[in-house]
Each structure stands twice: as C-alpha cells, then as structure tokens.
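# Tertiary structure, described
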Amino acid sequence: MNSFPILRAIQSAWRQHSVPGQLVIQITDACNARCPQCGMRTTEPFPRSRIPMKDIRLIIDAAAQKGFQAISFTGGEPLLLFDDLLEMIRHAAQAGIPCIRTGTNGFIFRESSDRNFTGRITHIAERLAASGIRNFWISIDSAVPEVHERMRGLPGVIAGIYKALPIFHECGIYPSANLGINRNLSGIRHEDIHSPESFYENYCSGFDRFYQRICDMGFTMVNCCYPMSLHPTEPGSGLSAVYAAAATAPVVNFSRVEKALLFKALFNTIPQYRSRIRIFTPRTSLLALYRHYTQHELLPYPCRGGTDFFFIDARNGHTYPCGYRGGEDLGRFEELRPADTLKNRRDCRLCDWECFRDPSELMGPLLDLQTRPLTALKRFATDRTYARLWLEDIQYYQACGFFDGRKAPKWERIRKGGCDVIE
Ligand code: SF4
Ligand code: SF4
C-alpha cells in the first residue's frame, strides 16, 4: 500500500494541475446512536437505506479507473454492516485505492467489563487490519465521558475505548479520535456565557481538556469536524443537505461571531498538542475560516467538491458534489464523465465541511504555484503569516507520516507546531 497518498496528491497537483479524487460513500444512513446534532439518529422516523454491494463494487471500480486516491466509507454507522464493510475495503484495496477510511460511533466498545470484550475487540481489529484499511476514526464529542455518552446515547463506551486502543495498536491500527465541535465542549451552559471573551476562553479550555483527554486515552491521532449546522439566515443557506449529518439543533448551531471565536480558540490551542498527538486539522484552514468570519474575506481556495471530490448518497446511490449540494444529483458515479464535472464546476465556498475544506485549502497553493505562479508568489509575499502557516502545515504533515493510521507516530520527528497566535 502506498502510505503517502497526500504526498501523491502533492505530486499530482504539481504534474497534472489537479487534486487526486476523493470519494465519500455513505454506505448506509442507518444508525444506532442518538446524537442530537444529526438527522440520522436512531430516533428519527424515516426508512433507512443502504447501497447494495454490487453497486458499491461498481462505484469502487469506477473510482479506481478514474484514478481516485481516497475513499471514505461513512454512514450512518458503517460498522452496522461490518462483514460487507470489510468486503468493500478489500475490494477498494485490491482495486488500487491507497487511502481507504472508515470509522465508528463507538457502539462496539460498550460493555467493556464483559469477559469476552478483549476477544471480541481483538477479532474486530484483526479483521479490519487484514482488510487494507488505512485510517479508522472513532467519534468523541467531549472530554467528559458522561457528556459524550449521553450525547451519543451509548453508555460505557469511553471505558471501552480506553481498553480497546492498545488492542488496535497491537493489531497495527492507530485510530483517530474524531471530534464534532458542539456546544457541550465548552463545559458550561450556553446561557452562562455572557461575552465574546468568555466564549473564547471557555472554548480554549474546552479544546484543551479534549486534547488532554484523548492523549490520556491513548489516541495518537485526532481530527476535528467543524460545525455543519445549515442555519437558515447564514450564507450558504441555499444548501440542501443530502447528507443528514447536518442539523439545525442548537448544540451545533453557532453564529458567525461564535464560529470565528471557535476557529480562533482551536487555532491557538493546537500548537501545545502537536508534539503529543498527530493533529490532522491544518492551521492554514483555521486562519482562513477565522478571517472569513471576522473580515468577510473570501476563503482563499474554492472547495474541490464537485470537481475532484464527490459524495455518494445511501438513499439512491447517486453522486453529489458533496453532502450539502443536494439539489445537484449527478447520477451514477460510474457514468460520470469528466465533461459533466467540468460543466457542473463552480467555485464553491458555501460551507466549512472539513472533509473537503481542509484538503482544498492545503492543496490550493500547490495548484496555484503550478498554474498561476505569479499570483501564488504575490500572495505569499503579501501574506507572510499565511505563507508561514502553510509551510508549517506541510512540514507537520510530513513529520506525521501523512497521517498513516497503520503506522505508529515517530515522536522524535514531530515537533511542537507553530508560534503564530490569533490575538
Ligand atoms: S452523528 Fe454519526 S453516530 Fe451520531 S446519529 Fe449521526 S450517523 Fe449516527
Ligand atoms: S464548500 Fe464544498 S462541501 Fe461545502 S457546499 Fe460547497 S462543495 Fe459542498
């Protein structure tokens, strides 16, 4: 397996003026958790769907044939279809896709005091390890176990994750903690936050406690999902989510001012932890988002959604530019021609979906250096902070082995990252 898909992405950007394709396949919208921030929670009364295996195989083959480098199998809860999921991963690996990801809400880690827990988790980890998976994420919503478990409706999972991580590591899988930013992170009730300063301070300590907790749990990698509320009065409200992971619930609903403070808090907290845990979130993205929400600056680079990145919906198995442009059904992925994507191409900056936003932001300068070198150099010369952060991010990614979830971190290579702070 090529362990450096991001390196390959860099090479591709340089040689072909493009970003290697990334496909997010929602294999099912069924879920057994109760997250208030999500329209797929088990209590939502809608008929659940899944993409048939034969269609998934066709999609994977088409992705490989089109040169896509990354496939994420998402849900719902992907592990509800564990046997089929393993088959999908194996098929993608055999088709030559180097970067294959999936994850879980953690339900498998319940009942960790059962006598057969270790055997059960070992069996799962061994089968995953043999499948060809590169990255495996586990959702964690809070530094406080009770808060996380109440939000997910999955009691006891944090104790189970503590026990399970060494087993996964032993099997050669280094799971990533996946934080969905939400209001419970601050640790105090929203009505008790009375000023922007107090909002900022509480989220700084919230992120700090979160990173501290996942380091203690034994995670070696972490990612952060930006709030994906589609608020009716916000820019981007024209979006219609085909991916029901977006919700208008207050727990994930933040105003523009609050989002700016969140991104600032995260930006300023990350450097303290970069040498202790591999943090996928690029600070370049956070700076761009902070400026976007404070100074109404256009995000520097348009999202690659609909150009190089696509989403496949569980309900009809069709392709969309992403999970949030539900009005743009592009049909079956295997029938999608490059001409169709060019026709549908638009410089979209309507949301902050980190799955597409972060790689778009990181790859943007590389594409510019190749296609519009003068513009790129001028930008770097006039915005030294951005240039410095981007170089730091690239160096950090390299030191982290490009976040290969099948390799242990090499801490001696990973240094504390970045001294720039947003004042
Ligand atoms: S966020 Fe994930 S785990 Fe939670 S209800 Fe939605 S699909 Fe299920
Ligand atoms: S910014 Fe990207 S993820 Fe968001 S709506 Fe546009 S294409 Fe979709």
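Right above here is the structure, for reference.
Residues numbered from 1 in each chain as written. Chains lettered and ligands numbered in written order. Predicted model: local features only at pLDDT ≥ 70, side-chain atom pairs only at ≥ 80, totals over all residues. Heavy atoms only, no water.

### Observations regarding the overall build of the protein chain
Test applied: Only runs of H or I of at least four residues qualify as helices and only runs of E of at least two qualify as strands under DSSP, and these elements are numbered from the N terminus. Accessibility here uses a 1.4 Å probe with only protein chains present; expressed as a share of the type maximum, an area under 20% marks a residue as buried, one over 50% as exposed, and anything in between as partly exposed. Only heavy atoms matter for contacts: two residues are in contact if any of them lie within 4.5 Å across the pair. Working definition of accessibility: Shrake-Rupley area with a 1.4 Å probe, residue cover restricted to the visible protein chains.
Check the secondary structure of the protein chain and you find 13 helices and 9 strands. Put simply, the protein chain has 423 residues, and 61% of those count as buried. For the protein chain, the proportion of contacts with a sequence separation of at least 24, taken over those separated by at least 6, is 77%. Of the roughly 17200 Å² that the protein chain leaves accessible, carbon and sulfur atoms contribute 53%.

### Focus on empty space enclosed by the protein
Where we set the bar: Any residue with an atom within 4 Å of a point lines the site, the site being either a cavity, points on a 1 Å grid over the protein atoms alone where a 1.4 Å probe fits but cannot get out, or a pocket, an open set with protein on both sides within 12 Å along at least 5 of 7 lines. Grid points are joined across faces, edges and corners, and a volume is the space filled by probe spheres set on the points. In this count, Pro and Cys sit with the nonpolar residues alongside Ala, Val, Leu, Ile, Met, Phe, Trp and Tyr, while Asp, Glu, Lys and Arg are called charged and the others, Gly among them, polar.
Under the defined criterion, the tally for this structure stands at 4 cavities of 30 Å³ or more. Reported here for the second largest cavity is a volume of approximately 100 Å³. Around the second largest cavity, the lining comprises 14 residues; the ones closest to its centre are Cys-303, Cys-322, Cys-348, Leu-350 and Cys-351. In terms of residue class, the lining of the second largest cavity is built from 10 nonpolar, 1 polar and 3 charged.

### Focus: the packing of helix α2 (residues 53–65) against helix α3 (residues 82–94)
Note the following rule: To get an axis, a line is fitted to the C-alpha atoms, and for a helix only the part in contact is used. The angle between two axes follows their N-to-C directions and goes from 0 to 180 degrees. Throughout, the term roughly parallel applies to angles under 35 degrees, roughly antiparallel to angles over 145, roughly perpendicular to angles from 65 to 115, and oblique to all others. Left-handed describes a crossing whose near helix is turned anticlockwise from the far helix by less than a right angle; the clockwise case is right-handed.
Across the interface, α2 lies against α3 with an axial gap of 10 Å and an inter-helix angle of 25°. Relative to α3, α2 is oriented roughly parallel. Of the two possible hands of crossing, α2 and α3 adopt the one that is right-handed. Residues Met-53, Ile-56, Arg-57, Ile-60 and Asp-61 of α2 form the contact with α3, whose participating residues are Asp-84, Glu-87, Met-88, His-91 and Ala-92. Considering only residue class, the contact of α2 with α3 consists of 5 nonpolar, 1 polar and 4 charged.

### A few points about the pattern of salt bridges
As a reminder, the rule being used: Here a salt bridge means any side-chain nitrogen of Lys or Arg lying within 4 Å of a carboxyl oxygen belonging to Asp or Glu.
The tally for this structure, following the rule as stated, stands at 20 salt bridges. The partner of Glu-87 in a salt bridge is Arg-57, with the nearest N and O atoms 3.9 Å apart. In this pair, Glu-87 is assigned in helix α3 and Arg-57 in helix α2, connecting sequence segments 30 residues apart. The class of Glu-87 is partly exposed, set by a relative accessible area of 24%. Note that Asp-313 and Arg-315 form a salt bridge whose closest N and O atoms lie 3.5 Å from each other. A relative accessible area of 2% means that Asp-313 is categorised as buried. Because the salt bridges share partners, they merge into one network encompassing Lys-54, Asp-55, Arg-332 and Glu-334.

### Comments concerning the side chain of Asn-223
Residue placement: Asn-223 occurs in strand β6 (residues 221–225). The buried category is assigned to Asn-223, whose relative accessible area is 16%. With sequence-adjacent residues up to four places away left out, Asn-223 is seen in contact with Ser-176, Ala-177, Asn-178, Leu-179, Phe-280, Thr-281 and Glu-354.

### Things to note about the nonpolar core
So the rule is basically this: The set of buried Ala, Val, Leu, Ile, Met, Phe, Trp, Tyr and Cys residues whose side-chain atoms join them within 4.5 Å is what this entry labels a nonpolar core.
Leu-23, Ile-25, Phe-73, Phe-219, Phe-333 and Trp-353 are the most contacted members of the largest nonpolar core, which totals 127 residues. The biggest single contributor to this core is helix α7 (residues 196–217), with 10 residues. Among all residues touching Phe-333, those that are not within four sequence positions of it are Leu-23, Ile-59, Ala-62, Ala-63, Lys-66, Phe-68, Phe-310, Ile-312 and Thr-319. Ranked by size, the runner-up nonpolar core spans 5 residues in total, among them Val-147, Met-151, Ala-249 and Val-251.

### Here's the deal with the pairing of strand β1 (residues 22–26)
Definition in use: Strands were regarded as paired on the criterion that DSSP finds at least two bridges between them. When the strands point away from the viewer, a crossover counts as right-handed if the route from the first strand across the helix to the second turns clockwise.
Among the 5 residues in β1, 5 count as buried, and that is most of the element. Two elements, β1 and strand β2 (residues 70–74), share 5 bridges in a ladder whose sense is parallel. Each bridged residue has a counterpart across the sheet, and for Ile-25 the counterpart in β2 is Phe-73. With α2 bridging β1 and the parallel β2, this β-α-β connection has right-handed handedness. As paired strands, β1 and strand β8 (residues 309–312) are joined by 4 bridges and run parallel to one another.

### Description of helix α11 (residues 354–371)
Filter applied, for reference: Between the first and last residue of a helix there are one fewer steps than residues, each counted as 1.5 Å, and that sum is the expected span. Bend is the name given here to the angle between axes fitted to two runs of seven residues, the run ending at a residue and the run starting at it.
Helix length check: α11, at 18 residues, gives a terminal C-alpha distance of 24 Å against a target of 26 Å (1.5 Å per residue), a fit within 8%. Helix geometry: α11 is bent most strongly at Met-363, by close to 35°, with proline Pro-365 lying one to four residues after it. With 13 of 18 residues buried, α11 lies mostly within the body of the structure.

### A look at the site of ligand 2
As a reminder of what qualifies: The near set for a molecule or strand comprises every residue that places at least one heavy atom within 4 Å of it.
Neighbouring residues of ligand 2: 9 residues in total, closest Cys-303, Cys-322, Arg-325, Cys-348 and Cys-351. Looking at the shell around ligand 2 residue by residue, the class counts come to 7 nonpolar, 1 polar and 1 charged.

### Structural notes on the sheet that holds β1
Ordered by their spatial adjacency, 9 strands build an open sheet running β7-β6-β5-β4-β3-β2-β1-β8-β9, and the pairing between neighbours is mixed. Here the strands that pair on one side only, and so sit at the sheet edges, are β7 (278–279) and β9 (319–320). For β8 and β9, the ladder comprises 2 bridges, and the chain directions are antiparallel. Pairing of Phe-311 across the sheet is with Tyr-320, part of β9.

### Considerations on the site of ligand 1
Every residue close to ligand 1 is listed here: Cys-31, Ala-33, Cys-35, Cys-38, Met-40, Arg-41, Gly-76, Asn-105 and Arg-152. Split by residue class, the shell around ligand 1 holds 5 nonpolar, 2 polar and 2 charged.

Geometric values such as these leave the question of function open.
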